[in-house]
Amino acid sequence: MSTPELQQPYDVIIVGGSYAGLSCAMQLGRARRRVLVIDAGQRRNRYASHSHGFLTQDGRAPGDIAADGKRQVLAYATVSWREGSARQAVQTADGFEVTLDDGGTVQASRLVLASGVVDELPPVEGLRERWGASAFHCPYCHGYELGQGQIGVIASSPLSMHHALMLPDWGTVTFFLNGAFEPDAAQLAELARRGSTLERRRVARIEGVAEVVLEDGSRHAMAGLFVVPRTHQASALAEQLGCAIDDGPMGPVVRTDETKATSVAGVFCGGDAARAAGNVAFAVADGAMAGVAAHRSLMFGVAQAA
């Protein structure tokens, strides 16, 4: 359900109503600024049944955390909500104009992008169906719950070395290279030092909870799997506005300074869209910083670019 919208133009439009966007809206709502949150309801962690590592919320369903956040944010009279997507954004003489998926437009003095990223998984049969349930990308978010059992790392690129070297702290690791790359001598020595076992045979599919079936029919029952996905920006707005975008290790990342200001004056960005690795706690911190920075720029009449 959408909330009644306040009179335009808004002080700030926030694109994305997940953890970063909600945290940003909280700061601005408490500053009594007129805020519109535009959200399409596509949280990156919507496939996960539980969220971990966020203080006071450990083990809760991520959708429940987001729903509580939305309820708390909308208790502030100057915050309104629009369900849907932002399709286009342009800079105007007075700030920014955002075109919505229904063709309508909204205006604001400042713009915060909290639209996140989309995960691109390697083409392994059965992997996508288990994403967020028994196949993960963040050891800190999901490693503990595997109970120090058998953990499979399915290589997607040389970056998967990071998982293979980290995860022995959470269980017994088998590193399925799957033809993605071949470790050099130094990497092999590091893997041996950490106790990770290598498996060079190709992965045919994933069955059951997290059973890796190889091309020769052999099977490896795992408590859970980890994969480094490629990512792409969930929204084209940063590119449309001309924000500087860097090549991150997993995909494009919007460049920001320590206040979450982008290279375009008046545009801020927080959450997974602006960092190479993310979780709920990082997103909430980014959103708070972006909200405070956007408010300061409104107070002092400065929309400084990073």
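Use the structure listed above.
The rules we used
Residues numbered from 1 in each chain as written. Predicted model: local features only at pLDDT ≥ 70, side-chain atom pairs only at ≥ 80, totals over all residues. Heavy atoms only, no water. Helix = DSSP H or I, 4+ residues; strand = E, 2+ residues; numbered from the N terminus. Rg over C-alpha atoms; globule rule 2.2 N^0.38 Å. Contact = heavy atoms within 4.5 Å. Areas by Shrake-Rupley, 256 points an atom, 1.4 Å probe, with all protein chains shown as cover. Lys, Arg positive; Asp, Glu negative; His and termini not counted. Charge placed at Lys NZ, Arg CZ, Asp CG, Glu CD. Salt bridge = Lys/Arg side-chain N within 4 Å of Asp/Glu carboxyl O. Buried < 20%, exposed > 50% of the residue type's maximum accessible area, 1.4 Å probe, protein only. Phe/Tyr/Trp six-rings, centres within 6.5 Å; stacked < 30°, edge-to-face > 60°. Pairing = 2+ DSSP bridges. Expected span 1.5 Å × (residues − 1).

Caption draft 1: Structural detail: the overall build of the protein. A tally of helices and strands in the protein yields seven helices and 19 strands. The C-alpha radius of gyration computed for the protein amounts to 21 Å, which stays within 12% of the reference 19 Å derived for 306 residues, consistent with globular compactness. When the backbone C-alpha atoms are referred to their principal axes, the protein occupies close to 65 × 35 × 35 Å. Within the protein, contacts between residues separated by at least 24 positions form 58% of all contacts whose residues are at least 6 apart in sequence. Put simply, the protein shows about 14,000 Å² of open surface, and 50% of that area lies on carbon and sulfur atoms. Measuring between centres, the 27 positive side-chain charges of the protein sit 4 Å from its 32 negative side-chain charges.

Caption draft 2: Geometry of the pattern of salt bridges. Tallied over the full model, the rule gives 19 salt bridges. With its nearest N and O atoms 3.1 Å apart, the salt bridge here joins Arg193 to Glu190. Taken together, the residues span about one helical turn, with Arg193 and Glu190 both in helix α5 (residues 185-194) at a distance of three residues. Given a relative accessible area of 32%, Glu190 falls into the partly exposed group. The residue Arg205 makes a salt bridge to Glu207 at a minimum N-O spacing of 2.7 Å. Arg205 gets classed as partly exposed once you look at its relative accessible area, which sits at 27%.

Caption draft 3: Region of the structure containing the packing of aromatic side chains. Evaluation of the coordinates by the stated rule reveals three aromatic pairs. Here Phe136 and Phe226 contribute two aromatic rings whose centre-to-centre distance is 5.6 Å and whose plane-to-plane angle is 50°, an arrangement assigned as tilted. You can see Phe136 sitting in strand β8 (residues 135-136) and its partner Phe226 sitting in strand β15 (residues 224-226), a full 90 residues away along the chain. On the basis of an interplanar angle of 50° and a centroid distance of 6.0 Å, the ring pair of Phe175 and Phe181 is categorised as tilted. Summarising the burial analysis for this pair, Phe175 and Phe181 share the class buried.

Caption draft 4: Seen up close, the sheet that holds strand β10 (residues 172-176). If you trace the five strands from one edge of the open sheet to the other, you get β8-β15-β9-β10-β11, paired in parallel fashion. Since the sheet does not close on itself, it has two edges, and those belong to β8 and β11 (197-199), each with one partner. Summarising the sheet, β8 and β15 pair through two bridges and their orientation is parallel. Following the sheet pairing, Ala135 is matched in β15 by Leu225.

Caption draft 5: Structural view of the environment of Gly63. Its location among the elements puts Gly63 in helix α2 (residues 62-73). For the pair Gly63 and Ala274, spaced 211 residues apart in the sequence, the C-alpha separation amounts to 22 Å. Gly63 has contacts with Tyr19 and Arg43, leaving out every residue within four places of it along the chain.

Caption draft 6: Layout of α2. In this model, α2 (12 residues) spans 17 Å end to end at C-alpha, consistent with the 16 Å of a helix rising 1.5 Å per residue. Tucked inside the fold, the buried residues of α2 contact α1 (19-30) and β3 (79-83).

Caption draft 7: Main features of α1. In a regular helix each residue adds 1.5 Å, so 12 residues correspond to 16 Å; α1 covers 17 Å between its end C-alpha atoms and thus fits that length. In terms of burial, α1 is largely enclosed, as nine of its 12 residues are buried. What α1 keeps buried is the set Tyr19, Ala20, Gly21, Leu22, Ser23, Cys24, Ala25, Leu28 and Gly29. If you follow the buried residues of α1, they end up packed against β1 (10-15), β2 (35-39), α2, β3, β6 (105-113) and α7 (280-300). Phi turns positive one or two residues past the end of α1, at Arg32, with a value near 60°.

Structural measurements only, silent on function.
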